[in-house]
4 protein chains.
Amino acid sequence: MDDIEIEFFTDDELHADILIEGLPGIGQVGKLVVEHMIQELKAEQVVGITSIFFPPQVLIEPGGVVRLPDNGIYLWKGPERSIAFLIGDFQSTSNEGHYLLCDAYLDVAEELGVKRVYTLGGYGVGQIIEEPRVLGAANTDNLIDEIREAGGVMTGDEPGGIVGASGLLLGLAAQRGIDGICLMGETPGYVVDPKSAGVVLDVLCRLLNIEIDATRLEEHAAEMERILAKYQEAEKGKEEDSLTYIG
Amino acid sequence: MDDIEIEFFTDDELHADILIEGLPGIGQVGKLVVEHMIQELKAEQVVGITSIFFPPQVLIEPGGVVRLPDNGIYLWKGPERSIAFLIGDFQSTSNEGHYLLCDAYLDVAEELGVKRVYTLGGYGVGQIIEEPRVLGAANTDNLIDEIREAGGVMTGDEPGGIVGASGLLLGLAAQRGIDGICLMGETPGYVVDPKSAGVVLDVLCRLLNIEIDATRLEEHAAEMERILAKYQEAEKGKEEDSLTYIG
Amino acid sequence: MDDIEIEFFTDDELHADILIEGLPGIGQVGKLVVEHMIQELKAEQVVGITSIFFPPQVLIEPGGVVRLPDNGIYLWKGPERSIAFLIGDFQSTSNEGHYLLCDAYLDVAEELGVKRVYTLGGYGVGQIIEEPRVLGAANTDNLIDEIREAGGVMTGDEPGGIVGASGLLLGLAAQRGIDGICLMGETPGYVVDPKSAGVVLDVLCRLLNIEIDATRLEEHAAEMERILAKYQEAEKGKEEDSLTYIG
Amino acid sequence: MDDIEIEFFTDDELHADILIEGLPGIGQVGKLVVEHMIQELKAEQVVGITSIFFPPQVLIEPGGVVRLPDNGIYLWKGPERSIAFLIGDFQSTSNEGHYLLCDAYLDVAEELGVKRVYTLGGYGVGQIIEEPRVLGAANTDNLIDEIREAGGVMTGDEPGGIVGASGLLLGLAAQRGIDGICLMGETPGYVVDPKSAGVVLDVLCRLLNIEIDATRLEEHAAEMERILAKYQEAEKGKEEDSLTYIG
């Protein structure tokens, strides 16, 4: 087997103008956005990617059927543009594998004719945030105004850079002359965060000039709020109880 | 030397319909079952596998002769079917090696003509279990009824998937069109568990429609029960002693 | 992509007599010296190096534009000699990568015609030092007098050797018949240390027989002294406070 | 550069009947023996080995000259037999590198015509031992009597096998039809142990049927005894002091 195996599920010639990446990461923000878009747009999987750089295991589906970890590319043909989505189970388990996988993703993107890459993720801030901002980054100067106009915040003072596929895809895309924008929703970092995914989706839709029904994502976010509120109440109760004990 | 070295011990053309894997793992459940079957069926080793992905050491046999870590394939020619067994000293020390070794095992399996793979292991539950169940998984839908009929339990809610060769062999076999079933005996996880091996052997024999004398495995399990009972009594004694001290 | 990618930014034939390395390391001493020299001499980047052995991330520049981690070679044509500088973002994340990257740097050096390599770094001593010395090492006997005459101290009793590019470049250069000198400024090890960089620059300039205006480096060092002095005062205040409490 | 680089220092045809390995390990026992033999027999280095699997650093010699970590093969032409010695700075930093390096060492051994390999090491027992035994292991049955007759103890109940070059060389030699014997001197494990090296040298000389003056090794051992005795006295003093305080 090759270190990275890429399988096309069709012999048809495929085309996409844009690639949107939402691999697993902080708060699963990017993955939630791309999952939502795939569902709403009814995008279909056209490519499967397996690799020795993924964890050495299979995943058990409900019912008991197992499958290899794999990442996939889904395609949606819009009236004006076609969009490819990159989503999946895992990122690389090794430093070197991160580079090699991202390079392989871009090989596919180039084959599809992709001219711009969006990478989506969370930006961990360590606490619950009422109104998460969407932080932006780009792999070339002339994309910055566009991000700002769509509601993204350019900061450039995040220390340490952007780690993993959301970062590397931008850096490696630049080498190929492909534009790249990264959108990161602020998120506590320790919970799955559909609320942060919602604000990232907002900014992304403005950038893409398309409309996506966000109802399901909002419902998911509202449910998450209820769970967190209950949890916080329970924690507060514990504190009061312990105060009583102390008092 | 190659990263993985496969040596055939005979020039005869070899054939097997089924491959049963029992490499080291949780509670050594899979290894105990396959060791038992090899002994009872008098299967003979036909292939030896060494690899740079095994730990960098030799094993000392009683008497002081050393040998490289190696995994082996044993063959049994039954009246109706031939079965190959995969057993050995170690699994891979690296993530990538897990994939490459399992791929190499399947290369041999395909060469032997194997149409179905059974992988055996333990499912750690963290406590002593009176009546361990056998959890099943498969790499294709249409094997599930068969597993259930043989007494396996399909759950599919084990989190995190199946790690190591027992999982990967199923996932990689699917890519080659080879059927795969995984049987996992519930086990505490912190002791070698011939009792769990016994129930896995039961289900496996029903699936294979063969009979294997389980006496030796039962004796081993009874002996293990005695050891654990003594250990628990000793622990209980300690607790009572300490209660006395406290009281 | 190759494991190490080397890009020349010009088709002109390039030449350098000397290579000076200042990759990140203890106290950033080497990097500060080479950054300073590049600025003062207005050296220009001629080569860019990216690699799967660098951390899997991009760096965010002020303003929000990202770029891959990369190391670069800068060139300065002096009246008598040409000097190449090796500087950059990271060293290798793996042991093997250190060897392979240093070998690649020397491939470029040989192509440029380099006859001598200087590697610069810090030597961590774990405490603030009033008058840091410059420790020297060489990859051949006949360079030692030269280092001493320039004010470097030959000790040879540093345990554990010189780790990373500053060491390996010397060892690998010897195999190619290229002279190599390492200069290490004593430094606490836990802060960026422009003062140590200053004394290394001193010795290096004497070895190269060139003059470099050190004003900016001295200003940086003075500023760092003020910061450290404030910090020490604050720490002292805390101690006195705690003494008061105890008293 | 190749992952492992082997350099012959002469164009003469070289021959050795025996290879004796003493790379760094527990108590430096093997290294002390081989260093001693090289000195006493005035063996000369004929091969140098460098590798990306060694630590990424250079070693500083007294005086300040640095060199790459390297392992070497030394040759001694005896009246009846020629012996090659393998000694050096480091073993591999990675699991896979251990296999690949040992395989490379055996390539050289085969080229020299080696028919038997001796590997030497320490066997850590965690405490000071008055009369260390020499534990033996072999890669084939018919060497065991020979080891016993020379004073080695065959145990075969050491758990976990023999890790690193001393083990792997035996296992890999067997695959090539080369005899292999491992001698391990019992040693505390936490100090360099010339006493243990002395007893290993004893058994080895009987196996080789040669005589080596052990004076220097005995002096080294006596000196080490004095250091340890002083240390133990100091420790005892501390205990008595603390008893005084308590009393």
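Residues numbered from 1 in each chain as written. Chains lettered and ligands numbered in written order. Predicted model: local features only at pLDDT ≥ 70, side-chain atom pairs only at ≥ 80, totals over all residues. Heavy atoms only, no water.

As recorded in an unreviewed UniProt entry, chain A goes by Proteasome assembly chaperone family protein and comes from Methanofollis fontis.

**Overview of the overall build of chain A**
Along its length, chain A carries six helices and 12 strands. Its C-alpha atoms give chain A a radius of gyration of 19 Å, within 12% of the compact-globule value 18 Å for 247 residues. With the principal axes as the frame, chain A shows a C-alpha extent of 70 × 50 × 35 Å. Put simply, chain A has 247 residues, and 56% of those count as buried. Sequence-distant contacts in chain A: of pairs separated by 6 or more residues, those separated by 24 or more amount to 77%. In the structure as shown, chain A presents an accessible area of about 11400 Å², 47% of it carried by carbon and sulfur atoms. (Helix = DSSP H or I, 4+ residues; strand = E, 2+ residues; numbered from the N terminus. Rg over C-alpha atoms; globule rule 2.2 N^0.38 Å. Buried < 20%, exposed > 50% of the residue type's maximum accessible area, 1.4 Å probe, protein only. Contact = heavy atoms within 4.5 Å. Areas by Shrake-Rupley, 256 points an atom, 1.4 Å probe, with all protein chains shown as cover.)

**Describing helix α1 (residues 29-41) of chain B**
Residues and elements named next belong to chain B. Relative to the 18 Å expected for 13 residues at 1.5 Å per residue, α1 spans 18 Å between its end C-alpha atoms, a close match to the ideal helical length. Across the 13 residues of α1, 10 count as buried, placing the element largely inside the fold. The set of residues buried in α1 consists of Val29, Gly30, Lys31, Leu32, Val33, Val34, His36, Met37, Ile38 and Leu41. Backbone geometry just downstream of α1 places Lys42 in the positive-phi region, at approximately 55 degrees. (Expected span 1.5 Å × (residues − 1).)

**Remarks on the interface of chain B and chain A**
Between chain B and chain A, the contact holds 27 residues from the first and 23 residues from the second. Taken together, the two surfaces of chain B and chain A that pack against each other cover about 2000 Å², and 63% of this comes from carbon and sulfur. For the pair chain B and chain A, the interface holds seven residue pairs in polar contact (both at pLDDT 80 or more). When contributions to the side of chain B that touches chain A are tallied by element, the ones reaching two or more residues are α2 (95-112), β9 (134-138), β11 (162-163) and α4 (165-175) of chain B. Across the side of chain B that touches chain A, the residue classes break down as 11 nonpolar, 12 polar and four charged. Judged from the two bridges that link them, strand β4 (residues 57-60) of chain A and β11 of chain B form a sheet pairing that is antiparallel. The residue of β11 of chain B that forms the bridge with Gln57 of chain A is Val163 of chain B. (Buried area = accessible area lost by both parts, 1.4 Å probe. Polar contact = N/O pair within 3.5 Å; in protein donor to acceptor, adjacent residues only side chain to side chain. Nonpolar A, V, L, I, M, F, W, Y, C, P; charged D, E, K, R; others polar. Pairing = 2+ DSSP bridges.)

**Some words on the environment of Val153 of chain B**
Residue and element names in this part refer to chain B. As for its position among the elements, Val153 is in strand β10 (residues 153-154). Look at Val153 and you get partly exposed, because its relative accessible area is 26%. Along the primary structure Val153 and Val114 are separated by 39 residues, whereas in three dimensions their C-alpha atoms are 25 Å apart. Here Val153 is in contact with Arg133, Val134, Leu135 and Gly136, once residues within four sequence places are set aside.

**Focus: the interface of chain B and chain D**
Chain B puts 23 residues into the contact, and the matching count from chain D is 27 residues. Here chain B meets chain D over a buried area of about 2000 Å², counting both sides, of which 63% is carbon and sulfur. Of all residues in chain B, Met1, Pro56 and Ile60 of chain B give up the largest surface area on contact with chain D, accounting jointly for 32% of the area buried on that side. Applying the counting criterion to the chain B and chain D interface returns zero salt bridges. Inspection of the region where chain B meets chain D yields seven residue pairs in polar contact (both at pLDDT 80 or more). (Salt bridge = Lys/Arg side-chain N within 4 Å of Asp/Glu carboxyl O.)

**Regarding the relation of the copies chain B and chain D**
Of the transformation placing chain B onto chain D, the axial shift is 0.1 Å and the rotation is 90 degrees, giving an RMSD of 0.0 Å. In symmetry terms, the pair is related by a four-fold rotation axis. Minimal C-alpha distance to the rotation axis in chain B is attained by Ser94 of chain B, lying at 7.3 Å. (Least-squares fit on C-alpha atoms with pLDDT ≥ 70 in both.)

**Here's the deal with the arrangement of the chains**
The closest approach of any C-alpha atom in chain B to one in chain C is 15 Å; the two make no contact. Where chain A comes nearest to chain D, the C-alpha atoms are still 15 Å apart, and the two do not contact one another.

**Points about the sheet that holds strand β9 (residues 134-138) of chain D**
Residue and element names in this part refer to chain D. Reading across the sheet, the nine strands line up as β1-β3-β6-β7-β2-β8-β12-β9-β10 and stay open at both edges, with mixed pairing between neighbours. In the strand order of this sheet, the two ends are held by β1 (4-8) and β10 (153-154), each with one partner. The strands that helix α5 (residues 194-208) touches are β2 (18-21), β7 (82-88), β8 (116-124), β9 and β12 (179-187); relative to β12, the one it contacts most, it runs at about 150 degrees. (Axes fitted to C-alpha atoms, helices over the stretch in contact; angles between N-to-C directions.)

**Let's talk about the pattern of salt bridges**
Applying the stated criterion to the full structure yields 44 salt bridges over all chains. Salt-bridge contacts for Arg67 of chain D lead to Asp89 of chain D; the nearest nitrogen and oxygen are separated by 2.8 Å. With Arg67 of chain D in strand β5 (residues 66-67) and Asp89 of chain D in the loop between β7 and α2 (95-112), this residue pair connects regions lying 22 residues apart in the sequence. Ionic pairing is found between Arg176 of chain D and Asp103 of chain D, a salt bridge with its closest N-O pair at 3.0 Å. One end of the pair, Arg176 of chain D, is in the loop between α4 (165-175) and β12; the other, Asp103 of chain D, is in helix α2, and 73 residues separate them in sequence. A relative accessible area of 22% means that Arg176 of chain D is categorised as partly exposed. The exposure class of Asp103 of chain D is buried, given its relative accessible area of 11%. What emerges from the salt-bridge pattern is a single network uniting Glu61, Arg67, Asp70 and Asp89 of chain A.

**Quick notes on the sheet that holds strand β8 (residues 116-124) of chain A**
Residues and elements named next belong to chain A. The nine strands lie next to each other as β1-β3-β6-β7-β2-β8-β12-β9-β10, forming an open sheet whose pairing is mixed. Both outer strands of the open sheet, β1 (4-8) and β10 (153-154), are each paired with one neighbouring strand and no more. Docked against the sheet, helix α2 (residues 95-112) engages β1, β2 (18-21), β3 (44-51), β6 (71-77), β7 (82-88) and β8, running at close to 25 degrees with respect to β1. On top of the sheet, helix α4 (residues 165-175) reaches β2, β7, β8, β9 (134-138) and β12 (179-187); it is set at about 150 degrees to β8, its chief contact.

**Thoughts on unusual backbone geometry**
Residue and element names in this part refer to chain B. One non-glycine residue with positive phi stands out, namely Lys42, at about 55 degrees. Structurally, the position occupied by Lys42 is in the loop between α1 and β3 (44-51). Even without glycine at this site, Asn209 takes up a positive phi of about 55 degrees. Summarising the element assignment, Asn209 is placed in the loop between α5 (194-208) and α6 (215-246). A relative accessible area of 68% means that Asn209 is categorised as exposed.

**Digging into the state of the cysteines**
All names here are of chain B. As enumerated under the stated definition, the model contains zero disulfides over all chains in all. For Cys102, which is in no disulfide, the shortest distance to another cysteine sulfur is to Cys182 and amounts to 12 Å. Between Cys205, a cysteine without a disulfide, and Cys182, which holds the nearest cysteine sulfur, the sulfur-to-sulfur distance is 17 Å. (Disulfide = S-S within 2.5 Å.)

**What to know about the packing of α2 of chain A against α4 of chain A**
Residue and element names in this part refer to chain A. Direction vectors running N to C along α2 and α4 enclose 60 degrees, while the axes themselves pass 9 Å from each other. When the axis of α2 is compared with that of α4, the two are oblique. Pair α2 / α4 crosses with right-handed handedness. Touching His98, Tyr99, Cys102, Asp103, Tyr105 and Leu106 of α2 are Ala165, Leu168, Leu169, Leu172 and Ala173, all from α4. Taken together, the residues of the contact of α2 with α4 sort by class into nine nonpolar, one polar and one charged. (Parallel < 35°, antiparallel > 145°, perpendicular 65-115°, else oblique. Left-handed = near helix turned anticlockwise from the far one by under 90°.)

**Structural notes on the pairing of β9 of chain B**
Residues and elements named next belong to chain B. Counting buried residues in β9 gives five out of five residues, a clear majority hidden from the surface. Neither face of β9 is open: one carries Val134, Gly136 and Ala138, the other Leu135 and Ala137, and all of them are buried. Pairing between β9 and strand β12 (residues 179-187): five bridges, direction antiparallel. Its bridge partner being in β12, Gly136 is matched across the sheet by Leu183. Two elements, β9 and β10, share two bridges in a ladder whose sense is parallel. Opposite Gly136, over in β10, you have Met154 as the bridge partner. Once the chain exits β9 it traverses helix α3 (residues 144-149) before rejoining the sheet at β10, and the crossover so formed is right-handed. (Right-handed = clockwise from strand over helix to strand, strands pointing away.)

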